[in-house]
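# Coordinate analysis (summary)
Given next are the chains, with one letter for each unit.
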Amino acid sequence: QRERKVKKVYKAVTKRPVPLGMHVHWMWGEMTRRGNSGGPACQLVSHEVPLNRKKAKSWIRCILEVVKSEPITVDKNNEYGYDPGDEQHYENTIRLVTGRKHQVRTQLASLGAPIIRDTLYEPIAGMTLDLLNAGGEEAMMMDMMVEQCRVPRTPIGLQAHAIMFGGVKGKA
């Protein structure tokens, strides 16, 4: 693996804690192409490694590291009009190892901790492409949930926090 000179750190607010450490998932390559249209707007990932090198060429590896996941209190009178209710929220610090379209959103949702207000990924929280292999009711349920995915119309709980270029750091 080549050494990456640009490092990106994000902050994400979720209603569930995200497990600390490295998370590796696989995205279907066709869904990550620039200008790709058709199909669902959301992207699903697999937790399973492709079985062989030939199949692996169709998949793109996505890696992120959850550095911190701490409980926070969200002010009910926040400037975004978000009502946190009585639920616990968590602020997660995420370091991207690879940078793919919707990677943070997709991976956190697949781990069962979607970003708040992310209507594109909340409906499929905890679901992965691995469910398609199961077939039957699980696959049908997944299709129904994907149909509920909508592009958010309000800000979601994700923020680019810091970017580092070859050791030089700048904060967003």
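Placed above this text is the structure.
The notes below deal with the structure included here. (Residues numbered from 1 in each chain as written. Predicted model: local features only at pLDDT ≥ 70, side-chain atom pairs only at ≥ 80, totals over all residues. Heavy atoms only, no water.)

## With respect to the overall build of the chain
Helix and strand counts for the chain come out as four helices and seven strands. Order of helices (α) and strands (β) in the chain, N terminus to C terminus: β-β-β-α-β-β-α-α-α-β-β. Counting every position in the chain, which comprises 172 residues, the buried fraction comes to 38%. Within the chain, residue pairs in contact and separated by at least 24 positions form 71% of the contacts whose partners lie at least 6 positions apart. (Helix = DSSP H or I, 4+ residues; strand = E, 2+ residues; numbered from the N terminus. Buried < 20%, exposed > 50% of the residue type's maximum accessible area, 1.4 Å probe, protein only. Contact = heavy atoms within 4.5 Å.)

## Concerning the layout of surface pockets
Considered as a void within the structure, the largest pocket measures approximately 430 Å³ in volume. What lines the largest pocket is a set of 17 residues, among which Val13, Tyr80, Ile116, Ile156 and Gly157 lie closest to the centre. Residue contributions to the lining of the largest pocket peak at three residues, all from strand β1 (residues 6-14). (1 Å grid on protein atoms, 1.4 Å probe; cavity = no way out; pocket = protein on both sides within 12 Å on 5 of 7 lines; lining within 4 Å. Points joined across faces, edges and corners; volume = space filled by probe spheres on them.)

## What about the state of the cysteines?
Scanning all chains against the criterion turns up zero disulfides. For the unlinked cysteine Cys149, the closest cysteine sulfur is that of Cys42, found at 3.6 Å. Given a relative accessible area of 10%, Cys149 falls into the buried group. (Disulfide = S-S within 2.5 Å.)

## Concerning the pairing of strand β5 (residues 89-96)
Across the eight residues of β5, six count as buried, placing the element largely inside the fold. Relative to β5, strand β4 (residues 59-72) is paired through eight bridges, and the arrangement is antiparallel. Its bridge partner being in β5, Ser69 is matched across the sheet by Asn92. (Pairing = 2+ DSSP bridges.)

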